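Survey of secondary and tertiary structure
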Amino acid sequence: MKRRLHAGARRYAMSLAVIGACAGLISLHAHGQDDNPRFHHAPASTDDLRNPNANQANAVGDGKTLYGTYCASCHGASAQGNGNVPPLASAGVKKATPGALFWFITQGDVPNGMPAWSSLTEDQRWKLVSYLQSLDAGKADASAPKAVASMTPGDWPAPTPPFTDFRYESPGTSRKITVADLPKPYATTSAGNGPQLVARPDNVWPKAPPGFKVELFATGLDNPRLLRTAPNGDVFVAETKAGRITMFRGITPDGRPKETHVFATGLKQPFGIAFYPAQHPQWMYVGNTDAVVRFAYKDGDVQASGKPEHIADLPHSDGGHSTRDIAFSPDGSRMYVSVGSKSNVDDADTHPEEKNRADILVFKPDGSDMHIYASGIRNAVGLAVDPKSGELWCSVNERDGLGDNLVPDYITHVQEGGFYGWPWWYMGNHQDPRHAGKHPELGSKTIVPDVLLHPHNASLQLTFYDGAQFPDEYRGDIFASEHGSWNRSVRVGYEVIRVPRHGTARASGEYEDFLTGFTLPSGQVWGRPVGITVAHDGSLLVSDDGSNVIWRVSYQGK
Ligand code: HEC
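Along each chain, the written sequence defines residue order, and numbers are assigned to residues from 1. Local features in a predicted model are, by the rule used here, given only for residues with pLDDT of at least 70; side-chain atom pairs are given and counted only at 80 or more, and totals for whole chains, interfaces and linings are based on all residues. For side-chain calculations, the full set of non-hydrogen atoms in the structure is used, while hydrogens and water are omitted.

1. Describing the sheet that holds strand 14 (residues 371–375)
A sheet is described by the order of its strands in space; here four strands give the open sequence 11-12-13-14, paired in antiparallel fashion. Each end of this open sheet is capped by a strand with a single partner; those strands are strand 11 (326–328) and strand 14. When the angles between neighbouring strand axes are averaged without regard to direction, this sheet yields 30 degrees. Should DSSP find at least two bridges between two strands, the strands are taken to pair. For the purposes of this entry, the term helix denotes a DSSP run of H or I that reaches at least four residues, the term strand denotes a run of E that reaches at least two, and both are numbered from the N terminus. Bridge analysis of strand 13 (residues 359–363) against strand 14 gives four bridges, and the strand direction is antiparallel. Bridged to Ile-360 within strand 14 is Ala-374. Throughout, an axis means a line fitted to C-alpha atoms (over the contacting stretch in the case of helices), and angles, computed between N-to-C directions, take values from 0 to 180 degrees.

Here it is as structure tokens:
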């Protein structure tokens, strides 16, 4: 990620200095290929590489899902290219030998902004080759959302309240979206408008409400994702791509950790972290993408005591939603695990790979007795138990492809046995047009969540504020990280929100912008909130996998 950030920084600098440099870059490569016939000067040894998936029917489909996860944000949802990133539905890619394409994806072209993808498995890279070479040159993949990323700031329409976009996000602004506000499906086209990350300009800093101070807590991390505070106050971060968990102890007067330790490595896309039992824990549980594992743990450990113990397998796939969060019931009898869908909105009846996905699963803490706790929840990235009521809450990414202002993401308490709509229904009695006529009996059973968040916000981790530092009115409120949109013509999200609960155990549907400013007025993005936790001193920590840092928000008084 460091290399990728560096590339982003260079590209940003370049776009300031040399307008139109990108077109030059691409034609330069085209010329370069005159003296070396291979794609991007691939070595001759790539001629002999064969795609092991060449005759596998599902390789293209799996490759497409992978493409959506790793590549679409730059190359466009339909591989049509994006700003200064070249199209991949192109004659050059089609003509390349599979080996040379595989080599280039592995290698990247870091100085020119193309990351190296050696972190993906060989199988994943070959599936990407299969997908890219299945595309028709010069023709955007029509089955993918239409790209409108070429819109420039002058073209952006003003939002229609209660919907908004990043230009209007500012700390303290209160929002409320209800089902009565929802437009019809396809009221606008579905956008492919992923962020192209740039480096944070020196004079730009996240904005918090008056009285709060924002500091850099930790820098130079590798894809920092979920954050969890241990019972003794140590803070853990999952560095998902690196397969690592790093921990921090203490806070210096200038808001930095006193100690930093690598706690565990060699994990498989770790995300969720949970301590068990809640007091004087004996275990640290980790949600790998394919399994729950646990380390023997006691207060004060700075390094995993040994290899993790396997607790339970989880449904997983190449591509598709990969995060797995974990939480325990207050009495310690239940372990909740969130598993997002594989697809955007495939019919779960006819897609066996969606079995036990788009669900919150529940197990005994030893991993036995798995069943479904609540279903139809497309992708509950964050789980948290309300310290006051003991109820499970979640933060959910809803589906794409129905237009700019559908479907709201949400935060809600989770009803045991509850059905939340995916894939056939949404937000109560609204049928997804892609499944018209199916499961009529479920429309009235679909629960309307407590807090409808802005569609396409990409709501990730959530936490209850149980610290003593913020003013009293924050006690018991929810904070959540919004990673930011790709499927919306003008960006939204890229912020931390607060869900006020006014001392109750419920949420009324209102929420507020709390920490904003991760996008530039041009629409370029430099930061993306992912994880959120309350540190021992009552400050709020926010991980950001756009600039690979952790931010600290503390209250300084009036
Ligand atoms: C951070 C943005 C970014 C991401 C993410 C990204 N790319 Fe790229 N890619 C680029 C840029 C920029 C170039 C142009 C590099 C150059 O040739 O100067 C490029 C070039 C390419 C090319 C060469 C195209 C040509 O015709 O020359 C291929 C193939 C490619 N990328 C594949 C992928 C795949 C597959 C993924 C996902 C696994 C991916 N890229 C993800 C930015 C990105």
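2. Quick notes on the sheet that holds strand 7 (residues 272–276)
Note on sheets: strands pair through backbone hydrogen bonds, and any given pair is parallel or antiparallel. With antiparallel pairing, four strands are arranged side by side in an open sheet as 7-8-9-10. The open sheet has two free edges, formed respectively by strand 7 and strand 10 (309–313), since each of these has just one partner strand. Here the strands of the sheet are splayed against their neighbours by 25 degrees on average, with no regard to which way each runs. Note that strand 7 and strand 8 (residues 283–287) share five bridges and pair antiparallel. Note on strand 8: the bridge partner recorded for Ala-274 is Tyr-285.

3. What about the domain arrangement of the protein chain?
Throughout the structure description, domain borders are defined by an automatic or database domain assignment. One can read the domain layout of the protein chain as domain 1 (2–134) and domain 2 (183–344 + 352–555). Here the C-alpha centre of domain 2 lies 30 Å away from the C-alpha centre of domain 1.

4. Remarks on the pairing of strand 15 (residues 380–385)
Counting buried positions over the six residues of strand 15 gives six, a clear majority of the element. Note that strand 15 and strand 16 (residues 392–396) share five bridges and pair antiparallel. Among the inter-strand pairings, Gly-382 is bridged to a residue of strand 16, identified as Ser-395. As consecutive antiparallel partners, strand 15 and strand 16 are separated by six residues, and within that stretch Gly-390 has a phi angle of approximately 80 degrees, a positive value. Whether a residue is buried, partly exposed or exposed follows from its accessible area with a 1.4 Å probe, protein chains only, as a fraction of its type maximum: under 20%, in between, or over 50%, in that order.

5. Describing the pattern of salt bridges
For salt bridges, the criterion is a side-chain nitrogen of Lys or Arg within 4 Å of an Asp or Glu carboxyl oxygen. Enumeration according to the criterion identifies 28 salt bridges in this entry. As a salt-bridge pair, Arg-167 and Asp-165 come within 2.8 Å of each other at their nearest N and O atoms. What makes Arg-167 partly exposed here is its relative accessible area of 31%. Across the pair Asp-477 and Arg-498 runs a salt bridge, and its minimum N-O distance is 2.8 Å. Here Asp-477, found in the loop between strand 21 (459–464) and strand 22 (478–482), pairs with Arg-498, found in strand 23 (residues 495–499); they are 21 residues apart in sequence, far enough to count as distant.

6. Things to note about the site of the ligand
Lining the immediate surroundings of the ligand are 21 residues, of which His-40, Cys-71, Cys-74, His-75 and Met-114 lie closest. Nitrogen and oxygen atoms within 3.5 Å of one another constitute a polar contact, given that in protein one can donate a hydrogen and the other can accept it, and given that sequence-neighbouring residues count only through two side-chain atoms. Interatomic distance of 2.4 Å between a side-chain N/O atom of His-40 and an oxygen atom of the ligand. One of the side-chain nitrogen or oxygen atoms of His-75 is found 2.8 Å away from a nitrogen atom of the ligand. Only helix 4 (72–75), helix 6 (98–107) and helix 7 (122–134) provide two or more residues apiece to the shell around the ligand. At three residues, the largest contribution of residues to the shell around the ligand is made by helix 6. Lys, Arg, Asp and Glu make up the charged group, whereas Ala, Val, Leu, Ile, Met, Phe, Trp, Tyr, Cys and Pro make up the nonpolar group; the residues left over, Gly among them, are polar. A per-class count over the shell around the ligand returns 15 nonpolar, five polar and one charged. Note on terminology: near, applied to a residue and a molecule or strand, indicates that one of the residue's heavy atoms is within 4 Å of it.

7. Focus on helix 3 (residues 59–70)
The first and last C-alpha atoms of helix 3 sit 16 Å apart over twelve residues, in line with the 16 Å expected at 1.5 Å per residue. Among all positions of helix 3, only Ala-59, Asp-62, Gly-63, Leu-66, Tyr-67 and Tyr-70 are buried. When helix 3 is viewed along its axis, its buried side chains cluster within an angular range of 145 degrees and face the same direction. Contacts are residue-level and defined by heavy atoms, with any inter-residue pair within 4.5 Å sufficient. Check the buried side of helix 3 and you find it contacts helix 4 and helix 7. Here the expected span of a helix is defined as 1.5 Å times the quantity of residues minus one. The arc under discussion is defined with respect to the helix axis, by the directions toward the C-beta atoms.

8. A word on the packing of helix 6 against helix 7
Closest axis-to-axis distance for the helix 6/helix 7 pair is 10 Å, and the angle between their directions is 120 degrees. If you check the angle between helix 6 and helix 7, you find them oblique. Helix 7 is crossed by helix 6, and the crossing has right-handed handedness. Contacts from Pro-98, Gly-99, Leu-101, Phe-102, Ile-105 and Thr-106 in helix 6 reach Glu-122, Arg-125, Trp-126, Leu-128, Val-129, Leu-132 and Gln-133 in helix 7. Residue composition of the contact of helix 6 with helix 7, by class: eight nonpolar, three polar and two charged. Angular relationships are summarised with four words: roughly parallel below 35 degrees, roughly antiparallel beyond 145, roughly perpendicular across 65 to 115, and oblique for the angles in between. Crossing handedness follows the turn of the near helix against the far one: under a right angle anticlockwise gives a left-handed crossing, and clockwise gives a right-handed one.

9. Regarding the nonpolar core
Counting 39 residues, the largest nonpolar core has Tyr-336, Ile-360, Tyr-373, Ile-377, Leu-392, Ile-411 and Val-414 as the members making the most contacts within it. With sequence-adjacent residues up to four places away left out, Leu-392 is seen in contact with Ala-327, Tyr-336, Ile-360, Tyr-373, Leu-383, Ala-384, Val-385, Thr-412, His-413 and Val-414. Buried residues of nine kinds, namely Ala, Val, Leu, Ile, Met, Phe, Trp, Tyr and Cys, make up a nonpolar core once their side-chain atoms join them within 4.5 Å.

10. What to know about the packing of aromatic side chains
Stacked, edge-to-face and tilted labels apply to pairs of Phe, Tyr and Trp rings (six-membered ring for Trp) whose centres lie within 6.5 Å, assigned for plane angles under 30 degrees, over 60, and everything in between, in that order. A full pass over the atoms with the stated rule returns 34 aromatic pairs. Taken together, a centroid distance of 5.2 Å and an interplanar angle of 80 degrees make the contact between Phe-212 and Phe-514 edge-to-face. A residue pair is termed long-range when its members are at least 10 positions apart, and Phe-212 in strand 2 (residues 212–218) and Phe-514 in strand 24 (residues 510–515) qualify at 302 residues. Comparing Phe-212 with Phe-514, the two get one shared label, buried. Aromatic pair Phe-217 and Phe-248: ring centres 5.4 Å apart, planes at 75 degrees, arrangement edge-to-face. Remark: Phe-248 occurs in strand 5 (residues 244–251) and Phe-217 occurs in strand 2; sequence separation between them is 31 residues. Given a relative accessible area of 2%, Phe-248 falls into the buried group. The ring of Trp-283 carries the charged tip of Arg-294 above its face, separated from the ring centre by 3.6 Å. The criterion is that NZ of a Lys, or CZ of an Arg, lies within 6 Å of the ring centre and within 35 degrees of the ring normal, and then a charge sits over that ring. If you follow Arg-498 out to its NZ or CZ, it ends over the ring of Tyr-474, 3.8 Å from the centre.

11. Quick look at helix 7
Here helix 7 spans 18 Å end to end across 13 residues, near enough to the 18 Å set by a 1.5 Å rise per residue. Most of helix 7 is tucked away, with ten of its 13 residues classed as buried. Listed as buried for helix 7 are Gln-124, Arg-125, Trp-126, Lys-127, Leu-128, Val-129, Ser-130, Tyr-131, Leu-132 and Gln-133. Tucked into the core, helix 7 has its buried residues touching helix 3, helix 5 (91–95) and helix 6.

12. Section: the confidence of the model for the protein chain
pLDDT is defined as a per-residue confidence score from the predictor, taking values between 0 and 100. For the protein chain, the mean per-residue pLDDT works out to 89, and 90% of the residues sit at or above 70. Below pLDDT 50 for its whole length, residues 145–150 participates in 18 contacts with residues either more than four positions away or in separate chains.

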